[in-house]
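The primary structure of each chain is shown beneath.
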Amino acid sequence: MSGNGFSGFDHSPDERTGQAEAFDAIGPRYSEAFPHKEGQLAAGRWLLEALPPDSRILDVGCGTGLPTARQLSDAGHRVVGVDLSAGMVELARDNVPKAEFHQRDMAGLSAGGPRALGLFDAATAFFSLVMLPRREIPEALRTIHGLLRPDGLLALSMVEADVDDCPVPFLGHTIRVSGYLRDELRQVVEASGFEITGEHLESYAPASTDVPPEIQLFLHCRRRA
Ligand SMILES: C[S@@+](CC[C@H](N)C(=O)[O-])C[C@H]1O[C@@H](n2cnc3c(N)ncnc32)[C@H](O)[C@@H]1O
């Protein structure tokens, strides 16, 4: 059992506080620094084409709610966003009034646990698993797996990088990020109970940040039983 009461997750409260404080402070500047969201919007469209009307969708690490929670909510789906940062949750509530948002650590989302969120038809995790140390990413994926209905869909994205819990300068703050090269990411996702049904890559240069251009990996996944 880890400090947060969920087996498999093993982080110190300080690690989480640092990440949350950085995103609280970054706030709306996140959207300004990353205005090009073509890959993310395309992954959202994949979900919209695949899901029946009025589906229930979990947005893990929803950030400001833009563009994903808004894209899915505007299409008539019931969106529940969770984010570690209180500031991000506040922005998301303003940006997407029809969706529901909670300040929650993705490590604490197990299906039947306290403050259960219920089951979902689909989930998104765009650049949020990046924020965990590698040792926590498989458990986070298994937690999402447990929150999905059989055959539920998951759209996720990561930055392609062979790094683990690496401090990087980000909009005047230091955040810690992890990533994989593409084959390893596929292996981690498949080993966590998902079939990968599609993928695409985007080469991406942030507008105003001190990090270099990156390759973004988008995976379309289906929950295996
Ligand atoms: C890079 S941003 C991506 C936001 C959004 N998904 C998007 O694509 O615009 C990562 C988000 O993950 C959140 N986050 C970081 N660690 C988290 C955790 N342990 N649980 C939930 N959210 C977390 C951050 O607060 C931030 O809003």
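Structure first, text after, so check above.
Residues numbered from 1 in each chain as written. Predicted model: local features only at pLDDT ≥ 70, side-chain atom pairs only at ≥ 80, totals over all residues. Heavy atoms only, no water.

1. Quick word on the packing of aromatic side chains
Stage number 1. Taken as a whole, this structure holds five aromatic pairs when the rule is applied.
Stage number 2. Ring plane angle 40° and centroid distance 6.2 Å describe the contact between Tyr30 and Phe170, whose orientation is recorded as tilted. Of this pair, Tyr30 sits in helix 2 (residues 29-33) while Phe170 sits in strand 6 (residues 166-170), and the two are 140 residues apart along the sequence. Each of the two residues, Tyr30 as well as Phe170, counts as buried. (Phe/Tyr/Trp six-rings, centres within 6.5 Å; stacked < 30°, edge-to-face > 60°. Helix = DSSP H or I, 4+ residues; strand = E, 2+ residues; numbered from the N terminus. Buried < 20%, exposed > 50% of the residue type's maximum accessible area, 1.4 Å probe, protein only.)

2. Details of the site of the ligand
Stage number 1. Lining the immediate surroundings of the ligand are 21 residues, of which Gly61, Asp83, Asp105, Met106 and Phe126 lie closest.
Stage number 2. Note that a nitrogen atom of the ligand is positioned 3.4 Å from one of the side-chain N or O atoms of Arg16.
Stage number 3. A distance of 2.8 Å separates a nitrogen atom of the ligand from a polar backbone atom of Phe126.
Stage number 4. In isolation the ligand offers 590 Å² of accessible surface; the protein chains occlude 97% of this area.
Stage number 5. The residue inventory of the shell around the ligand, partitioned by class, reads eleven nonpolar, five polar and five charged. (Near = heavy atom within 4 Å. Polar contact = N/O pair within 3.5 Å; in protein donor to acceptor, adjacent residues only side chain to side chain. Areas by Shrake-Rupley, 256 points an atom, 1.4 Å probe, with all protein chains shown as cover. Nonpolar A, V, L, I, M, F, W, Y, C, P; charged D, E, K, R; others polar.)

3. Some details on the nonpolar core
Soluble, globular proteins show a tendency: their nonpolar side chains are buried together.
Stage number 1. Leu58, Leu129, Leu141, Leu154, Leu156 and Val189 are the most contacted members of the largest nonpolar core, which has 66 residues in total.
Stage number 2. A per-element tally of this core places strand 5 (residues 148-159) first, with seven residues. (Core = buried A, V, L, I, M, F, W, Y, C linked by side-chain atoms within 4.5 Å.)

4. Section: the pattern of salt bridges
Stage number 1. In total, this model carries ten salt bridges according to the counting rule given.
Stage number 2. Among the ionic pairs, Arg149 bridges to Asp121, the shortest N-O distance being 3.1 Å. Taken together, the positions of Arg149 in strand 5 and Asp121 in strand 4 (residues 120-126) put the pair 28 residues apart, joining distant regions of the chain.
Stage number 3. Take Arg149: its relative accessible area is 37%, and that puts it in the partly exposed class.
Stage number 4. For Arg176, the salt bridge identified is with Asp165, shortest N-O distance 3.1 Å. Placement of the pair is Arg176 in strand 7 (residues 173-177) and Asp165 in the loop between strand 5 and strand 6, with a sequence separation of eleven residues. (Salt bridge = Lys/Arg side-chain N within 4 Å of Asp/Glu carboxyl O.)

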